[in-house]
Amino acid sequence: MIHSPYIRKPASVQSVMLAVLLALLPGVTAYVMQVASVVVVNLLIATVTALAAEALILTLRKRPIAPALSDLSAVVTAWLVVLCFPPILPWWVTVLGVLIAIVAVKHLYGGLGQNPFNPAMVAYCAMIVAFPSLMSQWPPAGQIDFQTQLDLVLGGARQLDAITGATALDAMRTGLRTSGASVESVLQQSGTFGAVGGRGWEWLALGYFAGGLFLLARRIITWHMPVAFIATLAVVSGIFWLAEPARFAPPLFHLASGGAMLAAFFIVTDPVSGATTPRGKLIFAAGIAVIAYLIRVFGAFPEGIAFAVLLMNLCVPLIDMKTQPVVFGHRGSRP
């Protein structure tokens, strides 16, 4: 039984965004401890850039500045950009990515609540197309000291062989394309892998999962998109794995590697660029999972979530139109 009062006070944008930032903290903590502590510096750079860009654009648009800066939406976008980018990127790439997300994707479409595409995913795709070499430079988890990481971010010399290593998805994909290689042999040959996914990155996945449960408990997001994304990715990867286990990695590997958990709870669930109807949310998230898996395994990039999100963003108007609930009091008719 639910007792009164039945009318709840609507949540403010600021309270929702603050909850998202708090939910990201377990993943950020795991990032600092397991992969690269310089991510804290990147978060600071991105946050300052996002707030400055937001203030400048609002000034040019002659809109109030203080309410927009205090709602924390720009900060959330900045954090998501950083968590999708390699942590040892030069600072100017991070700045450029955040500017694209805030200025081009958010404000050129009208500001908060108007953008049809996920800002962080547009920034990622733009940067990986423009700077594929820099966007492929990931440090071996926990093997580079903070000062070296900071030097790289601030423009130090980049000795690629010494500072970078393949991600778990990239190592698996490259290894399986070697003649006669199997999933088992690839896992044994590289130190990139942990117990079930990328070494160190498993903890990030767990942190994002914990943060996602927090958002579900607070009712900031609904279960539809995370469950549909995780279940579809597990089912699709499981089908390929069961059909040919020597060639395709098991489902748990795909869930614990790359940005799967970050996407499930923080990217796919974007309330602005995603589907809004209950059935539409399931279709939207499932479509992202299928496309992301196909790109991971058969495409040109080891991680395909960003491209999958943008492709499904294009489908949102059609998905919402075709999945509108039946009008109350009518049988089989839709608005």
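Structure: above.
The following refers to the structure shown. (Residues numbered from 1 in each chain as written. Predicted model: local features only at pLDDT ≥ 70, side-chain atom pairs only at ≥ 80, totals over all residues. Heavy atoms only, no water.)

Quick look at helix α4 (residues 73–84) now. In this model, α4 (twelve residues) spans 17 Å end to end at C-alpha, consistent with the 16 Å of a helix rising 1.5 Å per residue. Taken together, the buried positions of α4 are Ser-73, Ala-74, Val-75, Val-76, Thr-77, Ala-78, Trp-79, Leu-80, Val-81, Val-82, Leu-83 and Cys-84. Those residues of α4 that are buried lie in contact with α1 (13–34), α2 (39–60), α5 (91–107), α6 (119–130), α11 (201–217) and α14 (260–267). (Helix = DSSP H or I, 4+ residues; strand = E, 2+ residues; numbered from the N terminus. Expected span 1.5 Å × (residues − 1). Buried < 20%, exposed > 50% of the residue type's maximum accessible area, 1.4 Å probe, protein only. Contact = heavy atoms within 4.5 Å.)

For the rest of this paragraph, the subject is the packing of aromatic side chains. On inspection of all chains with the given rule, the structure shows twelve aromatic pairs. Ring centres of Phe-85 and Tyr-124 lie 6.4 Å apart, and the angle between their planes is 50 degrees; this geometry places the pair in the tilted category. In this pair, Phe-85 is assigned in the loop between α4 and α5 and Tyr-124 in helix α6, connecting sequence segments 39 residues apart. A single burial state applies to Phe-85 and to Tyr-124, both of which are buried. Through a chain of ring-to-ring contacts, the aromatic side chains of Phe-240, Phe-248, Tyr-293 and Phe-298 assemble into a single cluster. (Phe/Tyr/Trp six-rings, centres within 6.5 Å; stacked < 30°, edge-to-face > 60°.)

Let us look at the side chain of Asn-118. In this structure, Asn-118 sits in the loop between α5 and α6. The exposure class of Asn-118 is buried, given its relative accessible area of 3%. Setting aside anything within four residues of it in sequence, one finds Asn-118 in contact with Val-105, Ile-267, Asp-270, Ser-273, Val-309, Leu-310 and Asn-313.

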